[in-house]
Each structure stands twice: as structure tokens, then as C-alpha cells.
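Residue-level listing of the chains:
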Amino acid sequence: DLKNKLQLFSRCTVCNGLIKPVEMDKILDKIEPGTRNDFKKFYECSSCKKVYWEGSHYENMNKFIKTRLPYNIQYYLYLLALNNYLLAFIFPILI
């Protein structure tokens, strides 16, 4: 199932590096005191070291994706099927 293979929020928005969990004490100099108090789980890009946490932006993006993902997957599968049809049946006729 395509939906289960998606790894949302696993790539850095700056450099596309992998995002991995990180201990708060290793990134204290990169986060504001309020963020330290409000959140306990942090993530860091393995390439550029950008720090992420599951704040309001994460919640909003997660909600956006969950409400639209079923449609997007159906649309993607439709395009994939159409592409396969064109490659298998229409393209050979044009050659």
C-alpha cells in the first residue's frame, strides 16, 4: 500500500538530508528557551544540522496531508495508470 510507504517529515526542508531524533542537550544552543520548555522531542538534519520539533507548523502540515492524502494517492495512481497505458499502447503506434 503506497500510503504506508510514505515517510512524512523525514527529510530536511533546507537540504533534503535525513532528519533523525536528537537529544535536547545536544541542541540547546540552537533553540529558544520557550521552545525548550514547550517541547521535549527534537529532530536534527543529519546533513545541515537544522533542528525541528513538532510544533504548530508540524500539526498544521500533518492535518493538511491527512485530509488530502487519500485524494492525492488516487490521483497519482490514476496518472501512473495513464502513463503505463500511453507507454504500452499509444507510444508504439506513434513510432
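Above this note sits the structure.
Residues numbered from 1 in each chain as written. Predicted model: local features only at pLDDT ≥ 70, side-chain atom pairs only at ≥ 80, totals over all residues. Heavy atoms only, no water.

The 3 strands lie next to each other as β1-β2-β3, forming an open sheet whose pairing is antiparallel. Both outer strands of the open sheet, β1 (19–22) and β3 (51–53), are each paired with one neighbouring strand and no more. With strand direction ignored, the average angle separating the axes of adjacent strands in the sheet is 40°. Bridge count for β1 against strand β2 (residues 42–45) is 4 bridges, and the pairing is antiparallel. The partner of V22 across the bridge, within β2, is F42. (Pairing = 2+ DSSP bridges. Helix = DSSP H or I, 4+ residues; strand = E, 2+ residues; numbered from the N terminus. Axes fitted to C-alpha atoms, helices over the stretch in contact; angles between N-to-C directions.)

As a further point, take the side chain of T35. Within the secondary structure, T35 sits in helix α2 (residues 33–38). On the basis of relative accessibility, which here comes to 13%, the residue T35 falls in the buried class. Excluding anything up to four places from it in sequence, T35 contacts F42 and W53. (Buried < 20%, exposed > 50% of the residue type's maximum accessible area, 1.4 Å probe, protein only. Contact = heavy atoms within 4.5 Å.)

The grouping of L8, F9, M61 and F64 at the surface amounts to a nonpolar patch, some 340 Å² of accessible area in total. Along the chain, the position of M61 falls in helix α3 (residues 56–94). Overall, M61 belongs to the partly exposed group, its relative accessible area being 31%. (Patch = residues over 30% accessible without salt bridge, like charges linked within 9 Å, V, L, I, M, F, W, Y side chains within 5 Å. Areas by Shrake-Rupley, 256 points an atom, 1.4 Å probe, with all protein chains shown as cover. Salt bridge = Lys/Arg side-chain N within 4 Å of Asp/Glu carboxyl O.)

Moving on: the packing of aromatic side chains. With the rule as written, the count across this model stands at 2 aromatic pairs. Judged by centre distance (6.4 Å) and plane angle (40°), the rings of F39 and W53 are tilted. Placement of F39 in the loop between α2 and β2 and of W53 in strand β3 is noted, with a sequence separation of 14 residues between them. Ring-pair connections join several aromatic residues into one group, and the members of that group are F39, F42 and W53. Lying across the ring of Y52, K50 places its NZ or CZ 5.3 Å from the centre. (Phe/Tyr/Trp six-rings, centres within 6.5 Å; stacked < 30°, edge-to-face > 60°. Lys NZ or Arg CZ within 6 Å of the ring centre and 35° of its normal.)

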